[in-house]
Amino acid sequence: MTRLRLFAAAVVVAMICWPPQWYPLSVRLKLTQWFGAASYRALPPSTETDLEPAQPFCPPDPEAWRQQHIIEKVDISASAACVADNPFAVAAFVRGTNNISQETLLRSGLSADAITKGRDLDGDGDPDEIHIRLEVAELNGGSGVVPGPVTRYELAPGIRPGIWVFAPKLVGMSVENFESNIARPGLRLPSPVIRIEQGDRVHITLENSHYMPHTLHLHGADHAFVDASGEGNDGVPISSEIPILPGQARTYELTPRQAGTMFYHCHVQPHVHVMMGLQGLFVIEQNRPDNTLQTLNIGAGLVRVPSRASREHYDREYDLHYQDFDKQLGQRIQQDNDPRLITRSMHRDYDITDASMDYFTLNGRSFPYTFRESLLVGKEGEVIKLRVVNGGAKGIALHTHGHKFSITHRDGIALPESSRSFQDVAWLATSQRLDLALTLNNDGLHSYGPGIWPFHDHQYQGITNDGIGPGGNISAIVYDQYLDGGGWPATNGVSWQQYFSEAYYRKEIPVWESYAPGLFSDTGKDWLLLFRLLGLSVALAAVVALAVPGLLSGRSK
């Protein structure tokens, strides 16, 4: 009898402690009819969120890379955004690493044979023999020596997925100095834009410095199926050639007859290797006299030495490379250092049909870092050329605020004037390229006037970092009067402090905390609910303890 009373008491306590919000609505309504409505109970108080110190919006520019330079007689335009590429490397890309001084070569960080330029075969004043050497580099890979990923490269604050890239042939360490594991500026996502001229004799040597096989496929560019020696020249293992094994090299040859915006990428297991970042824009410029080109554009973005054909019609030119990344794929190179285990994990265990894309980048960064590097800066009346490629697995609905652009070329082919129209959303399928003309005329059609006008993918996954927004590939068209002296746009909206905090993208900061503190903050502890749950746990434990022996004694009878 005592056990039965204790059992009944435990059941009653459990019913009392059971949180009312757990009952079905019909039960709650019936309890209200029987016992009346419960008295008002205040909500738990808001908690204060301590924002961690934000990163500087614009890093310092101690070597004045943003300024206009004349190096090796190359006029390198100023870069308005707060992070610019190395002007000495730009000079080397224009002249060739075999045609510059030792000082410029050292300051460029390139090897002496990274870009070699030879004879002027057609006598028009520019070199027509171009030899480019690329390597394969790993960013944010695993290390058996130090904790955390190396060589470290951030898409956004605290976001460091495993990535592979093609890189120009560099000298020295992969990191910025002996005390850092941060990647040096020339070693980054995306793989560099390659620029050559129509009719050039081009050799591209891929020196495979990686632990997996790779190839180079020139997507859309005019090239022979085999080279002069009869070796495969298309980069496709199932039809053209054996992949380049670790420590080996192969040279691809082409003399392109058609100009246009093309693409290049690895074609070994492309569902993995291309999605890890082994891809880049490949631009074939129209032939012009004295047309010495910026052969590589590190990080894409502003072309600081545009071609003669571009300068005939445009005031500025930008390369825009969109990509997306599966976080789980990138993690596979961070879990092991044994190439056999990594290969098995990536090429046998990984199933791309189950993949979801988590990170979305423009020119190798996600918001807010896109505002450091990938702003489209211009002045009223200018016409800007945009070369755009979608290197991601998902399509992109590219949308511009405050402007309408026209599509002049699709996949490297010029569109007839009669088919061009003004629009503010353009669809790019995977691997598709568009050339866009953006006119900054304040007429209500081309432009609505000066300002800070975002442009981004209008599919909403694309403007997040692993589901947290704002993030992804958001950037902006910024008129120069809206930039401060350091290259940062003078925005009128909310504080950006939280966006430059790792905690925000770790999902630790309420989204509107910076300008609505308390109103949408996290809630404090609901102590009454905690006491109810504690009492419920004790009562249910007692019910079980009292019921089980009774059942056992009943069976023994």
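Residues numbered from 1 in each chain as written. Predicted model: local features only at pLDDT ≥ 70, side-chain atom pairs only at ≥ 80, totals over all residues. Heavy atoms only, no water.

Points about the pairing of strand β11 (residues 279-285)
Condition: Each residue is assigned to one of three classes by its accessible area relative to the maximum for its type, calculated with a 1.4 Å probe on protein chains only: buried under 20%, partly exposed between the two thresholds, exposed over 50%. Under the scheme used here, helices are H or I runs from DSSP no shorter than 4 residues and strands are E runs no shorter than 2 residues, and both carry numbers assigned from the N terminus. We call two strands paired when DSSP finds no fewer than two bridges between them.
Within β11, seven of the seven residues are buried, leaving the element largely enclosed by the surrounding structure. Bridging between strand β6 (residues 193-197) and β11 involves four bridges; their strand directions are parallel. Pairing of R195 across the sheet is with V283, part of β11. In the sheet, strand β10 (residues 260-265) pairs with β11 via six bridges, with the strands oriented antiparallel. Bridging from a neighbouring strand, G260 pairs with I284 of β11.

Some remarks on helix α1 (residues 2-17)
The condition that has to hold: The span expected for a helix works out to 1.5 Å for each residue beyond the first. As used here, the arc belongs to the directions running from the helix axis to the C-beta atoms.
With 16 residues, α1 extends 22 Å between its outermost C-alpha atoms, agreeing within 8% with the 22 Å of an ideal straight helix rising 1.5 Å per residue. Residues of α1 that are buried include every one of A10, A14 and C17, and no others. Within α1, the buried residues cover an arc of 70° as seen down the axis, which keeps them to one side. Among the exposed residues of α1, those oriented more than 90 degrees off its buried face are L4, R5, M15 and I16.

Quick look at the state of the cysteines
Every disulfide links exactly two cysteines, by a covalent bond between their sulfur atoms. Worth spelling out the cut-off: For the purposes of this analysis, a disulfide is any pair of cysteine sulfur atoms at a distance within 2.5 Å.
By the definition in use, this model includes one disulfide. Sulfur-sulfur distance for the disulfide between C58 and C82 comes to 2.4 Å. Because the sign of the S-S torsion sets the handedness, a value of about -105° for the bond joining C58 and C82 places this disulfide among the left-handed ones. A residue pair is termed long-range when its members are at least 10 positions apart, and C58 in the loop between α2 (25-35) and β1 (69-71) and C82 in the loop between β2 (74-76) and α3 (87-95) qualify at 24 residues.

Things to note about empty space enclosed by the protein
Take a probe with the size of a water molecule and roll it over the atoms, and the empty space left behind shows itself. The cut-off we apply is this: Grid points spaced at 1 Å and placed over the protein atoms alone form the basis of the search, with a cavity being a set where a 1.4 Å probe fits but cannot get out and a pocket an open set showing protein on both sides within 12 Å along at least five of seven lines. Lining residues have an atom within 4 Å of a point. Grid points are joined across faces, edges and corners, and a volume is the space filled by probe spheres set on the points. The residue classification treats Ala, Val, Leu, Ile, Met, Phe, Trp, Tyr, Cys and Pro as nonpolar and Asp, Glu, Lys and Arg as charged. All others, Gly included, are polar.
Under the criterion given, the structure shown has three cavities of 30 Å³ or more. If you add up the space inside the largest cavity, you get close to 80 Å³. Lining the largest cavity are 14 residues, and of these D324, F360, G395, I396 and D457 lie nearest its centre. Here the lining of the largest cavity takes three residues from strand β14 (residues 316-325), the largest share from any one element. Along the lines of polarity and charge, the residues of the lining of the largest cavity split into three nonpolar, eight polar and three charged. Lining the second largest cavity are K117, D126, P127, I130, R195, I196, E197, D200, N291, T292, L293 and T295. Ranked by residue count, the leading element in the lining of the second largest cavity is β6, at three residues.

So, unusual backbone geometry
For the peptide bond that leads from L189 to P190, omega is -10°, which places it in the cis range. When you line up the elements, P190 lands in the loop between β5 (163-168) and β6. The linkage connecting G469 with the following residue, P470, adopts the cis geometry, with an omega of 0°. As for its position among the elements, P470 is in the loop between β24 (452-457) and β25 (475-479). Of note in the backbone geometry, N140 takes a positive phi value of approximately 60° without being a glycine. With respect to the helices and strands, N140 occurs in the loop between β4 (129-139) and β5. Residue class for N140 comes out buried when judged on its relative accessible area of 0%.

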